[in-house]
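Report on the structure
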Amino acid sequence: MTGFTITYFAVRGRCGAMRIMLSDQGQEWKEVVVTFDEWMKGDLKKTCVFGQLPKFEDNGLILYQSNAILRHLGRKLGANGETEREASLVDMVAEGVEEIRTKYLKMIYQEYETGKDAYIKDLPNHFCKFEAILVKNQSGFLVGNSISYADYSLFEVLLNHQVLSPTCLDSFPSLKKFVEMMSARPKIKTFLQSDAYKKLPINGNGKQ
Ligand code: GDS
């Protein structure tokens, strides 16, 4: 019996990948939803190590930073590469995903009106790197023969980008196949069709 709790705002945001991962791994977790008004009071913020959410609890262990949480789950649930070498490669590609995510969030929160078109135009320069990684790996995953936390992270970033620009994967057959493969995993399919997933906006400012 695990005791996972996610404390976060009512958005997918920085928790999208971890929720997909937990679902696919057959895990249950509790959600503590923080409203904007509650957050603005400042009491919770003061208790957060970096003054931000998500907060993740695992049987008394409290973690912040979404990628540290993904890594923790990767190690705990066996989704972190099958060897130490693979674990290092998983970290490497996950950092590459983080670069896209950071650029995406900057555009969404700071430059949506002025920067969206240029951002979409530049996407192939980032996606081609992941296409090249996937072309080289017959398993369909980013590293080795088993799913890792980096796969969940890339998958979620790509889902968000398909909302931003529905044709953005058209020139990337391996990325498209990757999204199809991940979407078809039974527990992911069920989760993506659930109200718990569908009711949440992608981002906190309503832009997507
Ligand atoms: N590195 C951390 C992680 O990965 O966990 C980032 C966590 C984070 O950004 N948390 C946000 C938060 O707690 C919610 S995600 N905000 C409240 C606060 O700071 O008081 N973050 C940069 C990033 O994720 O790399 C962002 O861009 C977040 N944006 C994404 S929401 C402002 C607005 O609407 O512009 N009110 C909030 C902007 C904001 O927090």
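Only a predicted model underlies this, so the values are computations on that prediction, with no experimental measurement involved.

1. Focus on the nonpolar core
In terms of nonpolar packing, the biggest core is built from 61 residues, with Phe56, Leu73, Phe127, Phe155 and Leu175 touching the most fellow members. If near-sequence neighbours (up to four positions away) are discounted, Phe56 is found in contact with Phe4, Thr5, Ile6, Met18, Leu22, Leu61, Ile62, Leu63, Ile69, His72 and Leu73.

2. Here we look at helix H6 (residues 112–135)
Taking 1.5 Å as the rise per residue, H6 with 24 residues should run 34 Å; its terminal C-alpha atoms sit 32 Å apart, in good agreement. Along H6, the sharpest change in direction is near 35 degrees and occurs at Ile120; proline Pro124 comes one to four residues later. Looking at the packing, one finds that the buried side of H6 touches helix H5 (84–110), helix H7 (149–164) and helix H8 (173–184).

3. A few points about the site of the ligand
Surveying the vicinity of the ligand reveals the residues Tyr8, Phe9, Arg14, Trp39, Lys45, Gln52, Leu53, Pro54, Gln65, Ser66, Leu105 and Tyr109. For the ligand, an oxygen atom lies 3.0 Å from a polar atom in the side chain of Gln52. In the environment of the ligand, a nitrogen atom lies 2.6 Å from a nitrogen or oxygen atom belonging to the side chain of Gln65. In the complex, 66% of the free accessible area of the ligand, which totals 800 Å², lies under the protein chains. Along the lines of polarity and charge, the residues of the shell around the ligand split into seven nonpolar, three polar and two charged.

4. Re the sheet that holds strand E2 (residues 29–34)
Here we have four strands laid out as an open sheet, ordered E2-E1-E3-E4, and mixed in their pairing. Looking at strand neighbours, the two that pair on one side only are E2 and strand E4 (61–64), the edges of this open sheet. Taking the axes of each pair of neighbouring strands and ignoring which way they run, one obtains an average angle of 20 degrees across the sheet. Summarising the sheet, strand E1 (residues 4–9) and E2 pair through six bridges and their orientation is parallel. What sits directly across from Phe4, in E2, is Trp29. In the packing of helix H1 (residues 16–24) onto the sheet, the strands contacted are E1, E2 and strand E3 (55–58), and the crossing angle to E1 comes to about 150 degrees. Across the sheet, helix H4 (residues 66–77) touches E1, E3 and E4, and the angle it forms with E4 is around 135 degrees.

5. Re the UniProt feature "domain: GST C-terminal" (unreviewed entry) in the protein
Per the UniProt record, "domain: GST C-terminal" (unreviewed entry) is found at residues 83–202. For residues 83–202, the end-to-end C-alpha separation is 34 Å, with 75% helix and 0% strand making up the annotated structure.

6. Considering the pattern of salt bridges
Evaluated as defined, the whole model comprises 11 salt bridges. Note that Arg185 is salt-bridged to Asp24, the shortest N-O span being 2.9 Å. Taken together, the residues Arg185 in the loop between H8 and helix H9 (186–192) and Asp24 in helix H1 connect sequence positions 161 residues apart. The exposure class of Arg185 is partly exposed, given its relative accessible area of 24%.

7. What about the environment of Ile120?
The topology assignment puts Ile120 in helix H6. Taking the relative accessible area as the measure of exposure, Ile120 reaches 22% and is therefore partly exposed. Spatially, the C-alpha atom of Ile120 lies 11 Å from that of Leu169, the residues being 49 residues apart in sequence. For Ile120, the residues in contact, after removing those within four places along its chain, are Leu164 and Ser165.

The rules behind these values
Residues numbered from 1 in each chain as written. Predicted model: local features only at pLDDT ≥ 70, side-chain atom pairs only at ≥ 80, totals over all residues. Heavy atoms only, no water. Core = buried A, V, L, I, M, F, W, Y, C linked by side-chain atoms within 4.5 Å. Buried < 20%, exposed > 50% of the residue type's maximum accessible area, 1.4 Å probe, protein only. Contact = heavy atoms within 4.5 Å. Helix = DSSP H or I, 4+ residues; strand = E, 2+ residues; numbered from the N terminus. Expected span 1.5 Å × (residues − 1). Bend = angle between axes of the 7 residues up to and from the residue. Near = heavy atom within 4 Å. Polar contact = N/O pair within 3.5 Å; in protein donor to acceptor, adjacent residues only side chain to side chain. Areas by Shrake-Rupley, 256 points an atom, 1.4 Å probe, with all protein chains shown as cover. Nonpolar A, V, L, I, M, F, W, Y, C, P; charged D, E, K, R; others polar. Pairing = 2+ DSSP bridges. Axes fitted to C-alpha atoms, helices over the stretch in contact; angles between N-to-C directions. UniProt positions renumbered as here; feature names shortened; annotations may be inferred. Salt bridge = Lys/Arg side-chain N within 4 Å of Asp/Glu carboxyl O.

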